[in-house]
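Here's the letter readout for the chains.
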Amino acid sequence: MTCALLPRLLLLLPLAAPATGIPHGPTSPLRYSRFLDSSNVIYLRWDFDIQTEVITFDLQVRTTGWVGLGVTNRYSNVGADLVVGGVLPDGTVYFSDQHLVDDDTLKEDGSQDAELQLLKEDAVYTTMRFSRPFRTCDSHDGDITSDTIRVLAAYGLDDTIKLERERTFVKSIFLLQIVHPDDLDAPAISYIHDLEITDFLIPEDDTTYACTFLPLPIVKEKHHIYKFEPKLIYHNETMVHHILVYACGNASALPTGISDCYGADPAFSLCSQVIVGWAVGGTSYQFPDDVGISLGTPLDPQWIRLEIHYSNFHNLPGVYDSSGIRVYFTPILRKYDMGVLQLGFFTFPIHFIPPGAESFMSYGLCMTEQFDEINGVPVPDIQVYGYLLHTHLAGRSLQAVQYRNGKQVRTICKDDAYDFNLQETRDLKERITIKMGDELLVECHYQTLDRTTLTFGGPSTINEMCLIFLFYYPRNNISSCMGYPDIIHVAHELGEEASSNSMEGMMAMNNVDWTPENIKKAEKACKMADQVVVIKTIDELVKNQTGHIPDIIPTPRGPCLESTGGKVEPGDKTPAGYRAAPLVHSGSSPTVPLTILLLLQGVFSWLLDSLQGAV
């Protein structure tokens, strides 16, 4: 009997052999984590393998029911993907890749692209760990990209899978954070210096820009600032929209006290070279190990302008604030002195966005061919390693594109799912070189379906901006390079009369009937008009030149990763193509699919009983 069973046993061996399929992604502890709800019920950990383009999620929820995690969009959860799983009372595990067909109904995907790694439940928590490709070939799965990702999480109190509003949450997260703070070196010697406004009474106004001038740390020899973080008073956190620190030229005569940055006294708007910045949703940021902000040399700034933007929409009285920026500096020097280059649309007074626009693009051009002249000495190649994106509430996406000799080189940075409430300094996947003579174009995409009047560029949250800050080395004296269109040309293209006065051209925009046709006509006119490029230095030197907006060639999406977990439907194969899942490397420990495990468990139990009976 034993000999007769051996051939059957050998036939089952291929099922237990290492499987081919989607790589598992990171095998070390997951580096990133975030609570997804305000009550700290849903805790997400994640990590990714940038080479294999696989991300791993570990979801822990305070429930003994089902749990789910997926990706959604800005406008609706309908169509969002959701990987669900749980453990039945009898210990049976269930796990499935699904999507929402309406607000509370789920349907299983034809292609199962999530690979289960762990699913367990105890008296308090249900924990589900799985991996998936950045981009699958299933049209029901959202892509994991370097954009802001709106992570969808949901759970139930039992194993009946049904979405309920009070247990469904969406949180914007930048999932593909290239550099983790723990990957960076902490200097053996470091000091702290706070740049803050003390006991400032926030006015009972929607928008306030408060500015003051403060000294940087006084040191006898060169030091480097290597890290900064916001200092926010807890109860006032939601009122602080952004904090910027501008370096002042040493020749500047600076006022004292606190005043409106852009009010009656123009002295409070002096100093325009950003060195660090924080905006709502951001956290601390540590520079790469080889760069820092230089302190203590004759060429370094001694004073800064601290700018804090308050949004007191409820006009609350009697609120005092002492927010600011804390910087960390060290005498252990880094290799490069860093700088920040501000790009985008010159905010005031030319920028406008029509009301009722499903989509409206604004452009700001930078031409670097005259950087050497305005800098005073030749500018070496700029090495960009990080960026910060900034629009206000109407912003939907933005990008910076590089051109050389009239040809598009690359997209430097972008976010096609921009979220006003998540503005943070981000690292590039790899450093980018900008050569003198290159052109840099910033494109901002807006939507104003909820507005009935023109939106103008300006400081208020209900105004708009279109800015990208590039973090680079080695430092030069250029603080900003931004553009705006010839508004007189735009007014004439829209059939409005305007003289050579730019403000008259802007006023003419109020006379336009903003139909969808006129919105598109205005967008085209702004793009086709001569672009005035404004270059500014740390010492407030300004130079203007004229250019034209080049076309942007969209970057094609990479191939999707075909799953082995289910049928790939023909409609799910996008025009960009797809690729088969690579073989798992021999050093990996692939997980056998759950259904095969259960089958093997039953078959081997039967074989064992048969063998024991035969003996």
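Residues numbered from 1 in each chain as written. Predicted model: local features only at pLDDT ≥ 70, side-chain atom pairs only at ≥ 80, totals over all residues. Heavy atoms only, no water.

S.K.: Where do I start with the packing of aromatic side chains in this structure?
M.R.: A ring pair, where both rings are aromatic, is described by two values, the distance of the centres and the angle of the planes. Inspection of every chain in the model, using the stated rule, returns 20 aromatic pairs. Centre to centre, the rings of Phe-200 and Tyr-310 are 5.6 Å apart; their planes meet at 25 degrees, and the pair counts as stacked. Residue Phe-200 is located in strand S13 (residues 200-201), and its partner Tyr-310 is located in strand S21 (residues 303-311); the two are separated by 110 residues in the primary sequence. The buried category is assigned to Phe-200, whose relative accessible area is 14%. Tyr-310 sits in the buried class, given a relative accessible area of 0%. Where Tyr-209 meets Tyr-262, the ring centres are 5.5 Å apart and the plane angle is 70 degrees; that geometry is what we call edge-to-face. You can see Tyr-209 sitting in strand S14 (residues 207-215) and its partner Tyr-262 sitting in the loop between strand S17 (259-260) and strand S18 (273-279), a full 53 residues away along the chain. Among the aromatic side chains, those forming a connected cluster through ring pairs are Phe-228, Tyr-285, Phe-287, Tyr-385 and Phe-471. Directly above the ring of Phe-48 sits Arg-31, whose terminal nitrogen or CZ lies 5.9 Å from the centroid. Taking NZ or CZ as reference, Arg-426 lies 4.1 Å from the ring centre of Phe-174, over its face. (Phe/Tyr/Trp six-rings, centres within 6.5 Å; stacked < 30°, edge-to-face > 60°. Helix = DSSP H or I, 4+ residues; strand = E, 2+ residues; numbered from the N terminus. Buried < 20%, exposed > 50% of the residue type's maximum accessible area, 1.4 Å probe, protein only. Lys NZ or Arg CZ within 6 Å of the ring centre and 35° of its normal.)

S.K.: Got a minute to help me understand the layout of surface pockets in this structure?
M.R.: The probe, sized like a water molecule, is rolled over the atoms to show the empty space still left. Put simply, the second largest pocket is a space of about 1200 Å³. Around the second largest pocket sit 48 residues that line it, and Gly-281, Gly-282, Thr-283, Leu-422 and Glu-424 are the ones nearest its centre. Looking at the lining of the second largest pocket, the elements that each hand over two or more residues are strand S1 (32-35), strand S11 (168-173), strand S15 (223-231), strand S16 (240-247), S18, strand S19 (285-286) and strand S31 (426-434). The residue makeup of the lining of the second largest pocket, split by class, is 21 nonpolar, 19 polar and eight charged. (1 Å grid on protein atoms, 1.4 Å probe; cavity = no way out; pocket = protein on both sides within 12 Å on 5 of 7 lines; lining within 4 Å. Points joined across faces, edges and corners; volume = space filled by probe spheres on them. Nonpolar A, V, L, I, M, F, W, Y, C, P; charged D, E, K, R; others polar.)

S.K.: Whenever I open this one, the pairing of strand S2 (residues 42-49) confuses me. Can you help?
M.R.: As a general feature of sheets, a regular strand has side chains that alternate between the two faces. Both S1 and S2 contribute to a ladder of four bridges, which runs antiparallel. When the sheet's bridge partners are listed, Tyr-32 is paired in S2 with Trp-46. Two successive antiparallel strands, S1 and S2, enclose a turn made up of six residues, where Asn-40 displays a positive phi of approximately 60 degrees. Pairing of S2 with strand S3 (residues 54-61), which is carried by eight bridges, proceeds in the antiparallel orientation. Counterpart to Ile-42 in the pairing with S3 is Val-61. (Pairing = 2+ DSSP bridges.)

S.K.: Which parts of the structure should I look at to understand the state of the cysteines?
M.R.: Here, disulfide denotes a covalent bond that connects the sulfur atoms of two cysteines. This structure, assessed with the given rule, holds five disulfides. Here Cys-211 is linked by a disulfide to Cys-261, with a sulfur-sulfur distance of 2.0 Å. Taking the sign of the torsion about the S-S bond as the criterion, the disulfide between Cys-211 and Cys-261, at about 100 degrees, is right-handed. You can see Cys-211 sitting in strand S14 and its partner Cys-261 sitting in the loop between S17 and S18, a full 50 residues away along the chain. The same class applies to Cys-211 and to Cys-261, which are both buried. (Disulfide = S-S within 2.5 Å.)

S.K.: Any chance you could explain the nonpolar core here in plain terms?
M.R.: Soluble globular proteins tend to bury their nonpolar side chains together. Among the nonpolar cores identified, the biggest contains 68 residues, and Phe-352, Cys-413, Leu-470, Val-490, Met-509 and Trp-514 are the most heavily contacted of them. Element by element, the count of residues in this core is highest for strand S27 (residues 360-367), at six residues. Excluding residues that lie within four positions of it along the chain, Trp-514 makes contacts with Phe-352, Pro-354, Pro-355, Leu-454, Leu-494, Met-509, Ile-519 and Ala-522. If you look at the next biggest cluster of nonpolar residues, it comprises 52 residues, including Ile-202, Leu-216, Trp-278 and Tyr-310. (Core = buried A, V, L, I, M, F, W, Y, C linked by side-chain atoms within 4.5 Å. Contact = heavy atoms within 4.5 Å.)

S.K.: Before we go on, may I ask you to explain the sheet that holds S31 in this structure?
M.R.: Sheet strands pair by backbone hydrogen bonding; their relative direction is either parallel or antiparallel. Strand order across the open sheet formed by seven strands is S31-S28-S34-S25-S35-S36-S37, with mixed pairing between neighbours. The open sheet terminates on both sides in strands that have one partner only, identified here as S31 and strand S37 (542-547). Direction aside, neighbouring strands of the sheet carry axes that sit 25 degrees apart on average. As judged from the seven bridges shared by strand S35 (residues 478-485) and strand S36 (residues 531-537), these two strands associate in the antiparallel manner. Among the inter-strand pairings, Tyr-484 is bridged to a residue of S36, identified as Val-532. (Axes fitted to C-alpha atoms, helices over the stretch in contact; angles between N-to-C directions.)

S.K.: Just to check I follow, could you spell out the sheet that holds strand S8 (residues 115-121) for this structure?
M.R.: Here five strands make up an open sheet; going across it, the order is S1-S2-S3-S9-S8 and the pairing antiparallel. A single partner strand is all that each edge strand has here, and the edge strands are S1 and S8. For this sheet, the mean angle separating the axes of adjacent strands, direction not counted, is 15 degrees.

S.K.: Explain the side chain of Asp-109 to me, please; I cannot follow it from the model alone.
M.R.: You can see Asp-109 is positioned in the loop between strand S7 (106-108) and S8. Although Asp-109 lies buried, it forms no salt bridge, and the closest oppositely charged side chain, Arg-132, sits 8.4 Å away as judged by the N-O distance. If sequence neighbours within four positions are ignored, Asp-109 has contacts with Asp-97, Gln-98, His-99, Asp-138, His-140 and Asp-141. (Lys, Arg positive; Asp, Glu negative; His and termini not counted. Salt bridge = Lys/Arg side-chain N within 4 Å of Asp/Glu carboxyl O.)

Interpretation note: all reported values are geometric properties and have no functional meaning in isolation.
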